[in-house]
Amino acid sequence: MKDLILPQQINTDELAPYEIIKVLADRQGSPVPDEFKDKVIIDAIHDGNTIPEKFLHGLQSQNRSDETLKYYYCKERDWGAELVAGYLASALHLEDYFRVNVARTLLDFGRFPGITGRAADHMTKFAINYPFSESLSFDQKRELLEDYYDVISLGLENYAEDKLLKIAIHSYDEKSPNNVRRPSVSIVTRSLGHQSGLDIPVTMFDPLVPDELAELTVDPILRARLALRLEESAIPVADNYPYCFPEGSVEVRSQVWYFFRYVQHKYDLIHPNLKTELVDNVCPRTLVWNMLLDTNLRSAQSEALRSYLHMFRKAPAGDETLFHDARQEYEKIAEFIHCNNNEILRGYRNFMQRPSSLLIEVRKDLIWEFNNNKPIKPRFENAQMIARTLASAVQTYWMTDRAEKTKALNIFNDRYM
């Protein structure tokens with residue numbers, strides 16, 4: 001891992017927005033059973049160090065000092081997250097892990113596209129982070145989203161294709177803003193909206209998304225197994241602390257996407273899409289599914305349809321017939337979900353092929369040495385120890401817990417379904 005993790009200094013050269021990093025198997029690890037090795041992925045999206053030179057000119061023209069840049073870079077980076085991600089992939093005997101190279105202070109892939117104001121708190125940020133949200137031009141912001149954010153999104157989507165478990169590794173500060181020391185590890189599995197008792201906002205996702213979907217993004221047995229194994233190893237662990245998933249997180253976005261893919265499959269089995277009713281060479285039903293699956297909120301056409309359906313705005317000039325037909329298709333899908341709500345929800349929640357996503361926060365000072373809040377060097381042994389502990393829990397889940405749950409569900413279905 002020493003030769004694989006990104007350096008702590010800022011890299012101003014061009015580097016691919018993301019990379020898939022190969023790892024060697026850890027002989028002291030806890031391998032995932034062979035039949036599931038291609039079903040688990042690990043990612044680290046906030047430990048990047050790349051800020052291309054072309055995006056720095058605006059800061060320089062505003063006379064912002066290098067110290068300002070270094071401050072935000074150090075503050076935003078999840079120090080040591082990639083180290084744990086690599087060790088975890090190695091301990092599980094996976095072939096690789098996914099990392100984002102772009103520095104978080106420039107672009108946060110764990111947020112919805114948009115710009116972050118200077119006063120934004122942790123839960124209300126957007127993808128283009130401060131101070132770049134003020135220093136970049138309109139064209140640079142568009143370039144950053146199209147050539148980096150969208151590229152990372154497509155790369156992770158392809159990487160996660162047909163997977164059943166995605167583990168995101170992050171790291172958080174040793175102490176909270178009020179100077180309270182945080183637990184060594186936090187397991188995040190719930191969205192902020194659900195934790196706060198709020199519905200999923202219409203402006204972010206479609207109201208057809210059931211509230212229960214945000215209750216947990218992972219099989220609760222895996223969450224419990226991870227917490228138990230960590231505590232058994234004298235590693236204090238917290239649950240959804242000090243925050244849950246922001247609505248723009250990869251994990252929440254992916255769960256909404258997975259759900260609509262599940263519904264689409266069920267719906268199309270009953271109502272085959274013949275695509276014979278085209279309007280201006282566009283299939284209205286395809287337009288609706290594109291909107292429902294646009295969880296990154298990057299499609300202007302999907303946003304227009306979303307606005308037409310839920311904010312009752314006028315259709316774009318020339319698209320009145322298309323949007324009218326799309327509304328009819330949407331209402332058919334909504335009726336299908338409504339009439340089969342219990343079956344769909346129960347089936348999806350207990351669907352053993354439902355992908356799980358969770359985020360593991362590790363305290364920065366445990367896996368990276370600091371001096372007066374300045375990063376000094378990685379703590380390799382600690383990172384590997386924590387990764388091996390996590391791997392042991394994941395192995396037990398795949399070898400024992402998941403099989404037992406499958407048996408229990410089969411018995412339940414035979415008796416009551």
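In this text, all values refer to a predicted model and were calculated from it rather than measured experimentally.

## Here's the deal with the layout of surface pockets
Here the second largest pocket defines a volume of roughly 850 Å³. Along the walls of the second largest pocket sit 32 residues, with Glu157, Ser254, Trp257, Tyr258 and Arg261 positioned nearest its centre. Contributions of two or more residues to the lining of the second largest pocket are made by α5 (138-159) and α8 (250-270). If you tally residues by element for the lining of the second largest pocket, the top one is α8, at nine residues. Across the lining of the second largest pocket, the residue classes break down as 12 nonpolar, seven polar and 13 charged.

## Brief notes about the environment of Pro7
Along the chain, Pro7 turns up in the segment before β1 (18-22). Here Pro7 falls in the partly exposed class, since its relative accessible area comes to 45%. Sequence separation between Pro7 and Thr50 is 43 residues; the distance between their C-alpha atoms is 9.7 Å. If we ignore the near neighbours within four places in the chain, the residues touching Pro7 are Asn49, Tyr73 and Arg77.

## Describing unusual backbone geometry
Here the residue pair Tyr130 and Pro131 is connected by a cis peptide bond, since its omega of 15 degrees sits within 30 degrees of zero. Here Pro131 is to be found in the loop between β3 (96-100) and α4 (132-135). Tyr241 connects to Pro242 through a cis peptide bond whose omega is 0 degrees. Mapping Pro242 onto the fold places it in the loop between β6 (237-239) and α8. Despite not being glycine, Ala234 has its phi angle at roughly 65 degrees, a positive value. Residue placement: Ala234 occurs in the loop between α7 (220-232) and β6. Look at Asn240: it is not a glycine, yet its phi comes out positive at around 50 degrees. If you trace the backbone, Asn240 turns up in the loop between β6 and α8.

## Regarding the sheet that holds strand β7 (residues 356-363)
Pairing is mixed across the open sheet formed by seven strands, whose spatial order is β1-β3-β2-β4-β7-β5-β6. The two strands at the open ends of the sheet, each matched to only one other strand, are β1 and β6. Averaged over all adjacent pairs, the angle separating strand axes in this sheet is 25 degrees, with direction ignored. In terms of strand pairing, strand β5 (residues 185-188) meets β6 through three bridges, oriented parallel. Its bridge partner lying in β6, Ile187 is registered against Asp239.

## A short note on helix α2 (residues 66-76)
Those residues of α2 not exposed but buried are Leu69, Tyr72, Tyr73 and Glu76. Looking straight down α2, one finds that the buried residues subtend no more than 100 degrees of arc, so they occupy a single side.

## Looking at the confidence of the model for the chain
Fine structural detail should not be taken from predicted coordinates in areas where pLDDT scores are low. Averaged over all residues, the pLDDT of the chain equals 88, while 88% of them reach at least 70. Confidence drops under pLDDT 50 across residues 199-203; counting only partners more than four residues distant or on other chains, this segment forms 10 contacts.

## Here we look at the environment of Pro33
Take Pro33: it is sitting in the loop between β1 and β2 (40-44). Counting along the chain gives 59 residues from Pro33 to Leu92, while the straight-line C-alpha distance between them is 9.0 Å.

## Side note on helix α10 (residues 300-310)
Listing the buried residues of α10 in full gives Ser302, Leu305, Arg306, Ser307, Tyr308, Leu309 and His310. The N-cap residue of α10 is Ser299: its side-chain oxygen and the backbone nitrogen of Gln301 are 3.4 Å apart. Count one or two residues on from α10 and you reach Phe312, which has phi positive near 60 degrees.

## Looking at a negative patch on the surface
Residues Asp38, Glu157, Glu161 and Asp162 make up a contiguous surface patch of negative charge. Relative to the helices and strands, Glu157 is located in helix α5.

## Observations concerning the packing of aromatic side chains
What the rule picks out here adds up to 16 aromatic pairs. Here Tyr18 and Phe98 contribute two aromatic rings whose centre-to-centre distance is 4.9 Å and whose plane-to-plane angle is 15 degrees, an arrangement assigned as stacked. With a gap of 80 residues between them, Tyr18 in strand β1 and Phe98 in strand β3 connect regions that are remote in the sequence. In this structure an aromatic cluster arises from ring pairing among Tyr18, Phe98 and Tyr159. Above the plane of the ring of Phe109 lies Arg253, whose end atom (NZ or CZ) is 5.0 Å from the centre.

## Overview of the side chain of Arg111
Structurally, the position occupied by Arg111 is in the loop between β3 and α4. It is Asp108 that comes nearest to the buried, bridge-free Arg111 among opposite-charge side chains, at 4.1 Å. Contacts of Arg111, omitting those with residues within four sequence positions, involve Arg104, His122, Lys125, Phe126, Ala127, Tyr149, Pro246, Gly248 and Arg253.

## Observations concerning the pattern of salt bridges
The final tally for this structure, using the stated rule, is 28 salt bridges. Between Asp96 and Lys22 there is a salt bridge whose closest N-O contact spans 3.5 Å. Here Lys22 lies in strand β1 and Asp96 lies in strand β3, a separation of 74 residues in the sequence. With a relative accessible area of 13%, Asp96 lands in the buried category. The exposure class assigned to Lys22 is exposed, which follows from its relative accessible area of 55%. One salt bridge in this structure joins Glu251 and Lys166, with 2.9 Å as the shortest N-O distance. With Glu251 in helix α8 and Lys166 in strand β4 (residues 165-172), this residue pair connects regions lying 85 residues apart in the sequence. Each member of the pair, Glu251 together with Lys166, is buried.

What counts, and where the lines are drawn
- Residues numbered from 1 in each chain as written.
- Predicted model: local features only at pLDDT ≥ 70, side-chain atom pairs only at ≥ 80, totals over all residues.
- Heavy atoms only, no water.
- 1 Å grid on protein atoms, 1.4 Å probe; cavity = no way out; pocket = protein on both sides within 12 Å on 5 of 7 lines; lining within 4 Å.
- Points joined across faces, edges and corners; volume = space filled by probe spheres on them.
- Helix = DSSP H or I, 4+ residues; strand = E, 2+ residues; numbered from the N terminus.
- Nonpolar A, V, L, I, M, F, W, Y, C, P; charged D, E, K, R; others polar.
- Buried < 20%, exposed > 50% of the residue type's maximum accessible area, 1.4 Å probe, protein only.
- Contact = heavy atoms within 4.5 Å.
- Pairing = 2+ DSSP bridges.
- Axes fitted to C-alpha atoms, helices over the stretch in contact; angles between N-to-C directions.
- Arc of directions from axis to C-beta.
- pLDDT = per-residue confidence, 0-100.
- Polar contact = N/O pair within 3.5 Å; in protein donor to acceptor, adjacent residues only side chain to side chain.
- Patch = residues over 30% accessible without salt bridge, like charges linked within 9 Å, V, L, I, M, F, W, Y side chains within 5 Å.
- Areas by Shrake-Rupley, 256 points an atom, 1.4 Å probe, with all protein chains shown as cover.
- Salt bridge = Lys/Arg side-chain N within 4 Å of Asp/Glu carboxyl O.
- Lys, Arg positive; Asp, Glu negative; His and termini not counted.
- Charge placed at Lys NZ, Arg CZ, Asp CG, Glu CD.
- Phe/Tyr/Trp six-rings, centres within 6.5 Å; stacked < 30°, edge-to-face > 60°.
- Lys NZ or Arg CZ within 6 Å of the ring centre and 35° of its normal.

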